Amino acid sequence: MDKAEVEAYNEKYAESGDEKYAENVDELAAAKIEEEDNSPIEEVRVTVSNKDDPSMPCNTFRMWSLGLLFTAAVSFVNQFFYLRQTQISIGYSVIALISLPIGHFMAKVLPTGDFNVFGFTFSLNPGPFSLKEHILIGTMVACNTSTAYAVDIVILQNVFYGDKQPFIAGLLLVWTTQITGFALAGAIRRFLVSPAHMVWPSTLVTASLFRSLHASSQTEDDNGRMSRMNYFMIVSLGSFIYYWFPGFIFPTIGMISWICWINPDNIVLSQLTGSNGLGIGTIALDWSAASYYVQPLVTPWFAQVNILIGFIMVAYIMVPWAYYSNLWNSKNYPILSAGLFREDGTPYNKSQILTNNVLDEEKYLAYGPVRMDSFFALTYGIGFAGLMATVVHVVLYHGKEIVARWKSARSENDDIHSRLMRVYPEVPDWWYLSLFVVTLALSMVTCVVWDFMPWWAVILALAIAIFFVLPVGIVQAVTNQQPGLNIVTEYVIGYMLPGHAIANVTFKTYGYIVNVQALTFASDLKLGHYMKIPPRVMFMAQLVSTIISGLINLATALWLVNSRPHICTHEGYPFTCRNTNTFYSASIIWGAIGPARVFGSKDGALYAPVQWGFLVGAVLPIPFWYAAKKFPNITWLKYVHWPVLLAATSNMPPALPYFYANGLFLGFIFAFLLRRYRYDWWARYNYLTSAALDTGVAVCGLIIFFAIQSWEGEMPYWWGNPEDGNFDHCPLGGANFYGQ
């Protein structure tokens, strides 16, 4: 083993954020021996067991009954609250807590004898409720915690465009957009699931949660430390109790804009420091805000540094420069807003430019072009750059590996978890291929028969999803950040089919959500890989739960649309459909009006320069990749990750800058300081802390809503809960430069 082999080993794991480097040949040999018995990735070693019990039951009556029950319940509840002004989402951790005692109860009361049905012998109670059963129940729910994206298209047609379609049309649209992504996940699993350095950091939180729930809560380890179960319960309880303050009693502590309080009537100070502005100095003593995007305890520190640099460049340098230099007449609009405006800063009335829900060019020219704030416009340009940087980065940094794995796709992987998974039969490729062929055929039939969009648009949308799934997947698997395709899909079809709003959002759904679904399923497959779930059982659990949840999502939405008067309007409170209204606005910008009139040169468009983002994003990774090769001793060059850096502000708006600042501060404490100086604590409790904080907030949020707010209960107004809703006491933070 020579120096070149040492360097090759180091380079293989550098981008994963693992700091385990072989300094010499002896350390490399020791590292290889360690890898044979455990994962080469440090975060995985401290979180995931390197042992398995193939006899542990998982494909059981308990798993299917509880999994289907919770899938149905969560699909209904999350879709119901999705349309409300105050949204509540039941996630992984809540179901993990609820299903555990029920599973143990079923193990005690169900009969243990065997049953024979049509020659198939099974037992209702094969023994104690197992970890693998529990994970499969959670996975069935996790596949569908986000409501089906295509449901918004059906709501748009029913509520905004007056174009009602048969129930079967909406159902096929939902099923095909959800399940096609599942089929695509099967094609990429050898590239994104099997390799050890495709970590998928968020799955480590889930793995830590389930392992802790099934560990003994009464014992301590050999060093006398608190058991993981006890720690999880204590932190969850503390999070639950504390969240009553920012979530109900004292909302102001979730957005302490203390600098703005010096002079809240100063418009510039308010815009720069208010929570509805750039939020400089705003402190969020609220885990739900600080963890909104960054996920500070989960995301690797090198990725958080890239996010920090990108965030500062955009939010604290580019945006103030653009706004206060009055670029694109920015001062007429708020410094940060997702709203659409006229030239004079008044809200843009979309109904003034449409005739029968189609753009009327004469009305558009008479009413005037659409305008947006500079932050919103720059975000689009940076989104273009981030997408191109993702492709170039993956080609440069992972191209050889992708080609090698493609050539030897059926070769075995040396990682301990891959070796343990050899015990279980793999899902045949023809299962995924057959599923893809069926969903492709149904997609084309659905879109053509019910006039969603032309058949060729289906093929083009899926081609975009397929082209980007591997680059975006590699970025997400390594950094826990996912560059989105929503902008580029809207952009492409907006030029090809201008004036067709429904075709635009349908194309976006097939191009964007198929990609997202593929990566969601790949992430769940990685969790199954870590926890040694038989792949064929995982396949069936994911597929069945997706079919059921799509049906319930659509039925719930249509029930509300047909039963709630004035739904998706202010008069229909609390069913104001905030996300659906944003979806509708996007259909107007990209579909009815079209990108040529917004980002092109037609009819007074101002924002054409942001299209240079495509070229900038394609060029930026190249010099840093070359420099990292040329100067291998400069280690920080290996950690420059332009896709993450450029995607840092992709969620703003609707996300707010102070979310990022507070999340990154926590990341510095946990992902850097504690990992470096309190490694033993970090290795044992870090991911568990994230899961416990999430659980406490989720349970408290549900109780606040169901026990108080759903009964129209309110916290008495006081300084920490002001009646006017300006919780940060900085009312001009969301105003334009002229205080309007």
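So, here is what we can say about the structure in this document. (Residues numbered from 1 in each chain as written. Predicted model: local features only at pLDDT ≥ 70, side-chain atom pairs only at ≥ 80, totals over all residues. Heavy atoms only, no water.)

**Brief notes about empty space enclosed by the protein**
Argument step 1. The final tally for this structure, using the stated rule, is 3 cavities of 30 Å³ or more.
Argument step 2. In this structure, the largest cavity encloses a volume near 120 Å³.
Argument step 3. Around the largest cavity, the lining is made up of 17 residues, and of these E43, V298, P300, R675 and Y687 lie nearest the centre.
Argument step 4. Top element by residues in the lining of the largest cavity is helix α27 (residues 679–707). It accounts for 3 residues.
Argument step 5. Of the residues that constitute the lining of the largest cavity, the class distribution is 12 nonpolar, 3 polar and 2 charged.
Argument step 6. For the second largest cavity, the calculated volume is near 70 Å³.
Argument step 7. As for the second largest cavity, its lining consists of V46, T47, S208, R211, S212, R228, A683, R684, Y685, N686, Y687 and L688.
Argument step 8. Of all the elements in the fold, those that place two or more residues in the lining of the second largest cavity are α9 (201–213) and α27.
Argument step 9. Here the element with the most residues in the lining of the second largest cavity is α27; it accounts for 6 residues.
Argument step 10. Split by residue class, the lining of the second largest cavity holds 5 nonpolar, 4 polar and 3 charged. (1 Å grid on protein atoms, 1.4 Å probe; cavity = no way out; pocket = protein on both sides within 12 Å on 5 of 7 lines; lining within 4 Å. Points joined across faces, edges and corners; volume = space filled by probe spheres on them. Helix = DSSP H or I, 4+ residues; strand = E, 2+ residues; numbered from the N terminus. Nonpolar A, V, L, I, M, F, W, Y, C, P; charged D, E, K, R; others polar.)

**Some points on a negative patch on the surface**
Argument step 1. A cluster of like negative charges, contributed by E712, E714, E723 and D724, occupies part of the molecular surface.
Argument step 2. For E714, the position within the fold is in the segment after α27.
Argument step 3. Residue E714 is classed as exposed on the basis of its relative accessible area, which comes to 59%. (Patch = residues over 30% accessible without salt bridge, like charges linked within 9 Å, V, L, I, M, F, W, Y side chains within 5 Å. Areas by Shrake-Rupley, 256 points an atom, 1.4 Å probe, with all protein chains shown as cover. Salt bridge = Lys/Arg side-chain N within 4 Å of Asp/Glu carboxyl O. Lys, Arg positive; Asp, Glu negative; His and termini not counted. Charge placed at Lys NZ, Arg CZ, Asp CG, Glu CD. Buried < 20%, exposed > 50% of the residue type's maximum accessible area, 1.4 Å probe, protein only.)

**Focus: the state of the cysteines**
Argument step 1. All chains considered together, the criterion is met by 2 disulfides.
Argument step 2. Across the disulfide, C260 is cross-linked to C730 (sulfur-sulfur distance 2.0 Å). Every disulfide takes its handedness from the sign of the S-S torsion; for C260 and C730 that torsion is 80°, giving right-handed. One end of the pair, C260, is in the loop between α10 (228–249) and α11 (267–273); the other, C730, is in the segment after α27, with 470 residues separating them in the sequence.
Argument step 3. By relative accessible area, which is 0% here, C260 ends up buried. (Disulfide = S-S within 2.5 Å.)

**Structural notes on unusual backbone geometry**
Argument step 1. Its identity as a non-glycine residue notwithstanding, D451 has a phi of 60°, on the positive side.
Argument step 2. Note on placement: D451 falls in the loop between α17 (429–449) and α18 (455–479).
Argument step 3. With a phi angle near 70°, C568 is a residue other than glycine that sits in the positive phi range.
Argument step 4. With respect to the helices, strands and loops of the structure, C568 is situated in the loop between α21 (535–563) and α22 (578–593).
Argument step 5. Judged by its relative accessible area of 5%, C568 is buried.

**Observations regarding the environment of F575**
Argument step 1. Following the sequence through the fold, F575 ends up in the loop between α21 and α22.
Argument step 2. Residues F575 and P565, 10 residues apart in the sequence, show an inter-C-alpha distance of 9.4 Å.
Argument step 3. If we ignore the near neighbours within four places in the chain, the residues touching F575 are F80, L83, R84, L560, R564, I567, C568 and T569. (Contact = heavy atoms within 4.5 Å.)

**Points about the pattern of salt bridges**
Argument step 1. One pass over the full model with this rule turns up 8 salt bridges.
Argument step 2. Residues R62 and E133 are paired through a salt bridge, measuring 2.7 Å at the closest nitrogen-oxygen approach. On the criterion of sequence distance, the pair formed by R62 in helix α4 (residues 61–82) and E133 in helix α6 (residues 131–142) is long-range, its members being 71 residues apart. Assigned by exposure class, R62 and E133 land together as buried.
Argument step 3. Taken together, the salt bridges that share partners define one network made up of R189, R190, E426 and D429.

**A word on the packing of aromatic side chains**
Argument step 1. One pass over the structure, following the stated rule, counts 50 aromatic pairs.
Argument step 2. Arranged with centres 6.4 Å apart and planes meeting at 90°, the rings of F240 and W244 form a pair that is edge-to-face. Of this pair, F240 and W244 both sit in helix α10, 4 residues apart, roughly one helical turn.
Argument step 3. The class for F240 is partly exposed, based on a relative accessible area of 21%.
Argument step 4. With a centroid separation of 6.5 Å and an interplanar angle of 65°, the aromatic rings of Y491 and W590 are classed as edge-to-face. A residue pair is termed long-range when its members are at least 10 positions apart, and Y491 in helix α19 (residues 486–496) and W590 in helix α22 qualify at 99 residues.
Argument step 5. Members of the aromatic cluster, connected to one another through ring pairs, are W328, F376, Y380, F384, Y491, Y495, W590, F599, Y607 and F614.
Argument step 6. When the ring centre of F737 is taken as reference, the NZ or CZ atom of K331 above it lies at 4.4 Å. (Phe/Tyr/Trp six-rings, centres within 6.5 Å; stacked < 30°, edge-to-face > 60°. Lys NZ or Arg CZ within 6 Å of the ring centre and 35° of its normal.)

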